[in-house]
Amino acid sequence: MRAPTRLPQIYISGTAAIIGHVSHHAGDSAAQLAETLTNLDSLLASARIDAGARFGPRSTWKIYLRHADDATLVRALLRDRLGANTPMLLLQGDICRAELLVEIDGLQSA
């Protein structure tokens, strides 16, 4: 959802490794994370958020993990892809589909 604020803000909920209606990369949290980030890039591009403005300190992300054991790997992959200055919170909990291991919600300002 694009909020009608002075600076555009994009609210994103439940982004995961889903293409169309099909979940991808069952059992592989790293591949699911990569697919999820591709989906986030696509959403932000369609919202006309410039590539250089994506992620970083103008965003905040909640990353849900089905298994707490994945936290170290996922945190490292996210830091490599999003940068060390991107605020994020990793949480262990249920995810919308049983085959998914990672789901991301967040806020991106332009």
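Above this note sits the structure.
Residues numbered from 1 in each chain as written. Predicted model: local features only at pLDDT ≥ 70, side-chain atom pairs only at ≥ 80, totals over all residues. Heavy atoms only, no water.

J.: Sorry if this is basic, but what is going on with the nonpolar core here?
T.: A general trend in soluble globular proteins is that nonpolar side chains are found buried together. Trp61, Ile63, Val74, Leu78, Leu90, Val102 and Ile104 are the most contacted members of the largest nonpolar core, which totals 22 residues. Counting only elements with at least two residues in this core, the list comes to β2 (9-15), α1 (29-46), β5 (59-65), α2 (71-82), β6 (88-92) and β7 (102-109). Residue contacts for tryptophan 61: discarding those within four places in its chain leaves Ile12, Leu40, Phe55, Thr86, Pro87, Met88, Leu89, Ile104, Asp105, Gly106, Leu107 and Gln108. Core analysis: the next-biggest nonpolar cluster, separate from the first, contains 6 residues, Ala16, Ala17, Tyr64 and Leu100 among them. (Core = buried A, V, L, I, M, F, W, Y, C linked by side-chain atoms within 4.5 Å. Buried < 20%, exposed > 50% of the residue type's maximum accessible area, 1.4 Å probe, protein only. Helix = DSSP H or I, 4+ residues; strand = E, 2+ residues; numbered from the N terminus. Contact = heavy atoms within 4.5 Å.)

J.: Is there a simple way to explain the environment of alanine 51 in this structure?
T.: Within the secondary structure, alanine 51 is located in the loop between α1 and β5. By relative accessible area, which is 58% here, alanine 51 ends up exposed. Expressed as a C-alpha distance, the spacing of alanine 51 and aspartate 41, which sit 10 residues apart in the sequence, is 8.1 Å.

J.: What's the story with α1 in this structure? I'm lost.
T.: Every α-helix carries 3.6 residues per turn, so stepping three or four residues along brings you back to the same face. Here α1 is 18 residues long and its end C-alpha atoms lie 25 Å apart, about the 26 Å a rise of 1.5 Å per residue gives. Buried within α1 are the following residues: Ser29, Ala31, Gln32, Leu33, Glu35, Thr36, Leu37, Asn39, Leu40 and Leu44. Looking at the buried positions of α1, the neighbouring elements they touch are β2, β3 (18-19), β5, α2 and β7. Measuring from the side-chain oxygen of the N-cap residue of α1 to the backbone nitrogen of alanine 30 gives 3.2 Å; that N-cap residue is aspartate 28. Of the residues trailing α1, arginine 48 is marked for its positive phi of about 65°. (Expected span 1.5 Å × (residues − 1). Polar contact = N/O pair within 3.5 Å; in protein donor to acceptor, adjacent residues only side chain to side chain.)

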